[in-house]
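These are the residues of each chain, in order.
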Amino acid sequence: MTEDSTKSSETSQHAQRPDKPYLSTPELDALALSQTELLSELWILRDRVTVLEHLLTEAGVLKPDAVDNFELPTDLAERLDRERDQLVARIVGAGHRKKLDLDTLKEQP
Amino acid sequence: MNVDQRARAGLQFLGSLQVFSSTELQQQAEEDFAESDEAPGLTQEFQTDADRDAWLERLAQAREVVERSPAFRFNRLYQRYVAEENWVRAITGVERRREMFAKVAPTPPPKGDPRLHLNPDLEMPEYYQGVEWHLQPGGLDGYDLSAAMAFSGFIPYVFARGGFAAVAVGDNLLQQRRDVIQQFRSDSLKRIYDPGCGGSGTLGLCRERFPEAELIGGDLSAQVLINGLKFSDKTGIPVELWQEDARHTAQADGSVDGVISYALHHELPPEVSFDVLKEMFRILEPGGEMVISDPPPFRAVGPFQAVMLDWETENRSEPYFTEAGIFNLAQAMSEIGFVDVEEYPLQETCYPWVTRGRKP
Ligand SMILES: C[S@@+](CC[C@H](N)C(=O)[O-])C[C@H]1O[C@@H](n2cnc3c(N)ncnc32)[C@H](O)[C@@H]1O
């Protein structure tokens, strides 16, 4: 046998993604991959918050269920409401935006 | 020495995603396949060996059926995602602590150290040159902190959980190597050679069963051998490593009584595989044994598993996986002159798949 007989033209020398999508279309692949990437970022954040809570508790700064039992003061509750609404509007609304003009943008937080 | 929280948690996420995709999704995909009209016929067909063209045809037919399953398509998307992100998370994590990891990075020993024979003039074979194996950016020799990337990065957090290529979720990678080493018939090997020894982990484990044996390894990659020597320093297990092609080793005729080959042959074109076997036959003394572990050939598995193995070729930068799945190692060993040749799986999953024989 000679080495050339299987010198394969398909050899992925630079680790390209195959042309054929994994799901039904390349667009769907891209969406699924970015959603997976978001999930990984979400996990990294959750992991970090858990570690932080643990360290703060160990250091005596937090009581074990201080975060769960925390009663939000009005100003903080309002701030969280506002930021959550904005997050939802930006992310859920991303595909539904009808207007892109200066006035609307100026009104946006 | 650890990577930071971001890298650790990111890698752990990949481990979990791989486990989910290789259990729940894979099981669903397998059930989808089993329910197809074509499954019984294909399953029967896969039980007999065939020539290369027939295998390629069979694989194409089976792939068409297996890929109808949405669970399978997502399973493969996640496999690919994890295969790429392994490098992204591990390399960026090591880079954020470059200074710390660089201090302990393996470096080549002084020239003339009898434990490591580097050969800067070694010509890399055409089949090997430039391949970014397993999608590793820059290939095996491309990244100076590859030991940290592997041992503080993807090995503990992703690989150790299994669920990729032929490795099932929950497989114990170390124990599998030990089990393969148990396949030598002799209890008293004196000199063992490992072609494509990588970081010399398998040689290190040979020490447990053969405490007296001299351990010699060869690999094309200088970087993995340098890492391998560092590993030997750390474990205190002496090895002698050669940068060489397993088809043309520095070992004399009949100079070893054992050859262990682990996860090498699926990275070789069939004719190279054949020549490696011939070379191992040459360096073995009469009565010496060779034990090989690699992913199973297509004829040993059903159509579903064969489609998954074949997928590695195009999707995990494993250019010879398909050819290796068709190649018959046991038959090649017999042709070369090995006797008592046997092949069998060590687990129900057909992995590790062992092929072994003896020089008469
Ligand atoms: C998947 S790794 C396995 C390493 C090791 N045996 C283990 O089990 O960890 C395959 C190794 O084979 C080496 N290799 C490929 N072709 C080779 C050849 N012709 N001669 C020597 N080594 C080779 C690669 O550089 C790589 O380190």
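Everything that follows concerns the structure shown earlier in this document.
Trainee: Go over the overall build of chain B, please, and point to the residues and values.
Mentor: What chain B contains, in helices and strands, is 13 helices and eight strands. Relative to the 2.2 N^0.38 estimate, which gives 21 Å for 360 residues, the radius of gyration of chain B is 20 Å and therefore close to what a compact globule would have. C-alpha extents for chain B along the principal axes are approximately 65 × 55 × 35 Å. By the burial criterion, 58% of the 360 residues in chain B qualify as buried. Split by element, the accessible area of chain B, about 14500 Å² in all, is 51% carbon and sulfur. Of the charged side chains in chain B, 34 are positive and 57 negative; the average position of the first set lies 7 Å away from that of the second.

Trainee: I'd love a proper account of the pattern of salt bridges, names of residues and values included.
Mentor: Enumeration over the complete set of coordinates arrives at 32 salt bridges over all chains. In this structure, the salt-bridge partner of A:Arg17 is B:Glu84, at a minimum N-O distance of 2.7 Å. Here A:Arg17, found in the segment before α1 (26-58), pairs with B:Glu84, found in helix α4 (residues 70-96), and the two come from separate chains. Via salt bridges that share partners, A:Glu37, A:Glu41, B:Arg6 and B:Arg89 belong to a single interconnected network.

Trainee: With reference to specific residues and values, describe the pairing of strand β3 (residues 214-219) of chain B.
Mentor: All names here are of chain B. Of all six residues that make up β3, five are buried, and the element is covered over most of its length. Pairing analysis gives five bridges linking strand β2 (residues 191-195) to β3, with the strands arranged parallel. The residue bridging Asp 194 from the neighbouring strand is Gly 217, located in β3. Read as a crossover between parallel neighbours, the route from β2 over helix α8 (residues 201-209) to β3 is right-handed.

Trainee: Which residues make up helix α13 (residues 329-336) of chain B, and what values do they have?
Mentor: Note that an α-helix has 3.6 residues per turn; residues three or four places apart therefore point the same way. All names here are of chain B. The complete set of buried residues in α13 reads Leu 329, Ala 330, Ala 332, Met 333 and Ile 336. Angular distribution of buried residues about the axis of α13 spans 160 degrees; they occupy a single face of the element. Of the residues trailing α13, Gly 337 is marked for its positive phi of about 125 degrees.

Trainee: So what's going on with a nonpolar patch on the surface? Residues and values would help.
Mentor: A contiguous nonpolar patch, built from A:Leu52, A:Leu56 and A:Val61 and spanning about 270 Å² of accessible area, is present on the exposed surface. Among the structural elements, A:Leu56 can be located in helix α1.

Trainee: Give a detailed account of the packing of α1(A) against helix α1 (residues 5-34) of chain B, specifying residues and quantitative values.
Mentor: For the pair α1(A) and α1(B), interaxial distance at closest approach is 9 Å and the crossing angle is 125 degrees. As judged from the angle between their axes, α1(A) and α1(B) are oblique. Every pair of crossing elements has a handedness; the one defined by α1(A) and α1(B) is right-handed. Every residue of α1(B) that contacts α1(A) at A:Thr36, A:Leu39, A:Ser40, A:Glu41, A:Trp43, A:Ile44, A:Asp47, A:Arg48 and A:Val51 is listed here: B:Gln5, B:Arg6, B:Arg8, B:Ala9, B:Gly10, B:Gln12, B:Phe13 and B:Leu17. Of the residues contributing to the contact of α1(A) with α1(B), the split by class is seven nonpolar, five polar and five charged.

Trainee: I'd like a description of the site of the ligand, backed by residues and values.
Mentor: All names here are of chain B. The immediate surroundings of the ligand are formed by 18 residues, with Tyr 127, Tyr 128, Gly 196, Asp 219 and Tyr 262 found nearest. For the ligand, an oxygen atom lies 2.6 Å from a polar atom in the side chain of Asp 219. Between Tyr 262 and the ligand, the recorded distance is 2.7 Å, taken from a backbone N or O atom to a nitrogen atom. Protein contacts shield 90% of the accessible area of the ligand, which totals 600 Å² for the unbound molecule.

Trainee: Residue-level account of unusual backbone geometry, with values.
Mentor: Residues and elements named next belong to chain B. Here the amide bond leading from Tyr 351 into Pro 352 is cis, since omega sits at -5 degrees, within 30 degrees of zero. Note that Pro 352 resides in the loop between β7 (339-345) and β8 (353-358). One non-glycine residue with positive phi stands out, namely His 134, at about 55 degrees. The residue His 134 is located in the loop between β1 (116-117) and α6 (146-157) in this model. The residue Ala 165 is not glycine, and still its phi comes out positive at about 45 degrees.

Trainee: Outline the nonpolar core, supporting the account with residue identities and numerical values.
Mentor: Residues and elements named next belong to chain B. Formed by 85 residues in total, the largest nonpolar core has its most connected members in Val 94, Met 149, Phe 154, Ile 192, Leu 215, Leu 241 and Ile 260. The element contributing the most residues to this core is α4, with 11 residues. With residues near it in sequence (within four places) discarded, Met 149 still touches Trp 87, Ala 90, Ile 91, Val 94, Gln 136, Tyr 143 and Phe 154. By size, the runner-up hydrophobic cluster in this structure holds 30 residues, among which are Val 131, Trp 133, Val 272 and Tyr 320.

Calculation criteria
Numbering of residues starts from 1 in every chain and runs along the sequence as written. Chain letters and ligand numbers both follow the written order, the letters beginning at A and the numbers at 1. Whole-chain, interface and lining totals are the exception, using all residues; otherwise, since this is a predicted model, local features are given only for residues with pLDDT of at least 70 and side-chain atom pairs are given and counted only at 80 or more. For the side-chain quantities, the full set of heavy atoms in the structure was used; hydrogens and water were omitted. Each helix corresponds to a stretch of at least 4 residues labelled H or I by DSSP, and each strand to a stretch of at least 2 residues labelled E; elements are numbered beginning at the N terminus. Atoms counted for the radius of gyration: C-alpha only. Globule rule: 2.2 Å times the number of residues to the power 0.38. Only protein chains enter the area calculation, which uses a 1.4 Å probe; residues under 20% of their type maximum are buried, those over 50% are exposed, and those in between are partly exposed. Residue burial considers only the protein chains on display, and all accessible areas are found by Shrake-Rupley using a 1.4 Å probe. By the counting rule applied here, Lys and Arg register as positive and Asp and Glu as negative, while His and the ends of each chain are not counted. Every charge is mapped to an atom, namely NZ of Lys, CZ of Arg, CG of Asp or CD of Glu. For this analysis, a salt bridge means a side-chain nitrogen from Lys or Arg found within 4 Å of a carboxyl oxygen belonging to Asp or Glu. Two strands qualify as a pair provided DSSP detects at least 2 bridges between them. Clockwise travel from the first strand over the helix to the second, with the strands pointing away from the viewer, marks a crossover as right-handed. The arc in question is the one spanned by the directions pointing from the helix axis to the C-beta atoms. Patches draw on residues past 30% relative accessible area with no salt bridge. Two like charges within 9 Å are joined, as are two nonpolar side chains (Val, Leu, Ile, Met, Phe, Trp, Tyr) within 5 Å. Here an angle of 0 to 180 degrees is reported between the N-to-C directions of two axes, which are lines fitted to C-alpha atoms, with helices fitted over the stretch in contact. We call two directions roughly parallel when the angle between them is under 35 degrees, roughly antiparallel when it is over 145, roughly perpendicular when it lies between 65 and 115, and oblique otherwise. By definition, any crossing whose near helix is turned counterclockwise from its far helix by less than a right angle is left-handed, and any crossing with a clockwise turn is right-handed. Pairs of residues are marked as contacts when any of their non-hydrogen atoms sit within 4.5 Å. Under the grouping applied here, Gly and all other residues not named as nonpolar or charged are polar, the nonpolar ones being Ala, Val, Leu, Ile, Met, Phe, Trp, Tyr, Cys and Pro and the charged ones Asp, Glu, Lys and Arg. We call a residue near a molecule or strand as soon as one heavy atom of that residue lies within 4 Å of the molecule or strand. We call two N or O atoms a polar contact when they sit within 3.5 Å, provided that within protein one can donate a hydrogen and the other can accept it, with sequence-adjacent residues counted only if both atoms are side-chain atoms. Definition used in this section: a nonpolar core is a set of buried Ala, Val, Leu, Ile, Met, Phe, Trp, Tyr and Cys residues joined via side-chain atoms within 4.5 Å.

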